[in-house]
Amino acid sequence: MIQIGDICIHLINDCTVMVEAGGAFGLVPRALWRSLMPPDEENRVPMTAHCLLVTVGGRKIIVDTGHGSKLTGRQQAILQWKSYEGGLLGGLARLGLSADDIDLVVDTHLHADHAGGNTAYDAQGQIVPVFPNAEYVVQRREYEDAMRPNERTQAAYVPMNYQPLVESGQMRLLDGDTELAPGVWGVITPGHTPAHMSVRFESQGQHAAFLCDMASYAIHFERLGWMTAYDVEPLVTLETKRRWQKWALETSAVLIFTHDPVRPVGRFVAGDDGKGRVEPIPEPYV
Ligand SMILES: [Zn+2]
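This write-up is about the structure you can find in this document. (Residues numbered from 1 in each chain as written. Predicted model: local features only at pLDDT ≥ 70, side-chain atom pairs only at ≥ 80, totals over all residues. Heavy atoms only, no water.)

**What about the overall build of the chain?**
For the chain, the helix and strand inventory stands at 9 helices and 17 strands. Relative to the 2.2 N^0.38 estimate, which gives 19 Å for 286 residues, the radius of gyration of the chain is 18 Å and therefore close to what a compact globule would have. On the principal axes, the C-alpha backbone points of the chain span a range of 60 × 45 × 35 Å. Looking at the chain as a whole, 56% of its 286 residues are labelled buried. Taking all contacts inside the chain whose residues are at least 6 apart in sequence as the whole, residues at least 24 apart take part in 67%. For the chain, the accessible area works out to roughly 12,300 Å², and carbon and sulfur atoms hold 52% of it. (Helix = DSSP H or I, 4+ residues; strand = E, 2+ residues; numbered from the N terminus. Rg over C-alpha atoms; globule rule 2.2 N^0.38 Å. Buried < 20%, exposed > 50% of the residue type's maximum accessible area, 1.4 Å probe, protein only. Contact = heavy atoms within 4.5 Å. Areas by Shrake-Rupley, 256 points an atom, 1.4 Å probe, with all protein chains shown as cover.)

What follows is the structure, encoded as structure tokens:
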């Protein structure tokens, strides 16, 4: 558990999948990253799908919902999808909670590995919200981009993960940076998508951030020039990271990385060589 003043953060892994290393590392040659994230024989690397349970002031908040339960058998096979101990809902159960207890669900963006667990099939095969009593939020610009994808972005967007929630009024669309609960801020960190959101936590002088796909792995935060091939605006990602590196140094914030199985949590510290590095903080999954 990560305690930031009055804010309590639990790290839950929904699942682990294997993805093309070219997706995770883009143009960076394998020789430079393979010791950090060893690939399998088909040049795939592991990606976790980290979600958070945040409690503050009696409110229970989920940040990102992972891949969820709607992947087809073929999709599971391609991704080598492995649910982690019952996924997000299994993690909540280990904390003594059910989906009914959640007040707010924050989608950092609407890619299927972050919003897939928003909805599920019921016994009749209908799409229903996984968190029936929660309000869901996402940036309006992200929703508009998801509803009007182009030939390159469409593979990542699956409307049944969010369209029914917006149409029923259960998902609220945000217009820019928003305080979602005391000390819990949804802040736009553009690049991965134009309205990609990170979640910043501040309480009693302590700081943390779920960076999400601003820096999918810790190494992406350390190296400004490294970003995934999934980024829609890679040069914008670079400048976003430059600003947040400065913030992380100034605040000694606890940083949470969405897809990193090796260093899921850490602090950014200045190195003797003038380059910063992420020092891992051991943080077991719920
Ligand atoms: Zn992602």
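Structure's up, so let's keep going.
**Focus on the coordination of the zinc ion**
Protein coordination at the zinc ion: the donors are H114 (NE2), D213 (OD) and H259 (NE2), at 2.0 to 2.2 Å from the metal. Each donor residue of the zinc ion belongs to the same chain, and together they define the spacing H-x98-D-x45-H. Taken together, the residues span a long stretch of sequence, with D213 in the loop between strand 14 (206–210) and helix 8 (218–222) and H259 in the loop between strand 15 (254–256) and strand 16 (265–270) at a distance of 46 residues. Relative accessible area serves as the criterion here: at 4%, D213 is assigned to the buried category. (Donors = N, O, S within 2.8 Å, 3.2 Å for Na, K, Ca; no water.)

**Side note on the sheet that holds strand 17 (residues 276–280)**
Here 7 strands make up an open sheet; going across it, the order is 11-12-13-14-15-16-17 and the pairing mixed. Unpaired on one side and paired on the other, strand 11 (178–181) and strand 17 mark the two borders of the sheet. Shown here is a sheet whose adjacent strand axes are inclined to one another by a mean of 30°, direction ignored. Bridge count for strand 16 against strand 17 is 5 bridges, and the pairing is antiparallel. What sits directly across from A270, in strand 17, is G276. (Pairing = 2+ DSSP bridges. Axes fitted to C-alpha atoms, helices over the stretch in contact; angles between N-to-C directions.)

**Re the layout of surface pockets**
Space left empty within the atom packing is revealed by a probe, the size of a water molecule, rolled over the atoms. In this structure, the largest pocket spans a volume of roughly 970 Å³. What lines the largest pocket is a set of 36 residues, and nearest its centre among them are H67, L79, A112, A155 and A156. Mapped onto the lining of the largest pocket, the elements with two or more residues apiece are strand 2 (7–20), strand 3 (44–56), helix 3 (73–79) and helix 5 (112–115). With 5 residues, strand 2 is the single largest residue contributor to the lining of the largest pocket. Within the lining of the largest pocket, the residues separate by chemical class into 18 nonpolar, 11 polar and 7 charged. Considering only enclosed or pocket space, the second largest pocket measures out at about 190 Å³ in volume. Contributing to the lining of the second largest pocket are 15 residues, with D14, G68, S69, L88 and L89 lying nearest its centre. Of all elements in the fold, only helix 4 (87–94) and strand 7 (119–121) reach the threshold of two or more residues within the lining of the second largest pocket. Per element, the largest residue contribution to the lining of the second largest pocket is 3 residues, and it comes from helix 4. Counted by class, the lining of the second largest pocket contains 6 nonpolar, 8 polar and 1 charged residues. (1 Å grid on protein atoms, 1.4 Å probe; cavity = no way out; pocket = protein on both sides within 12 Å on 5 of 7 lines; lining within 4 Å. Points joined across faces, edges and corners; volume = space filled by probe spheres on them. Nonpolar A, V, L, I, M, F, W, Y, C, P; charged D, E, K, R; others polar.)

**Section: the environment of G66**
Mapped onto the secondary structure, G66 falls in the loop between strand 4 (59–63) and helix 3. On the accessibility criterion, G66 (1% relative accessible area) is buried. Distance in space between the C-alpha atoms of G66 and C15 is 7.3 Å, their sequence separation being 51 residues. Setting aside chain neighbours within four positions, we find G66 in contact with D14, A49, C51, A112, D113, H114, A115, G116 and G117.

Shape is all these values report; function is a separate question.
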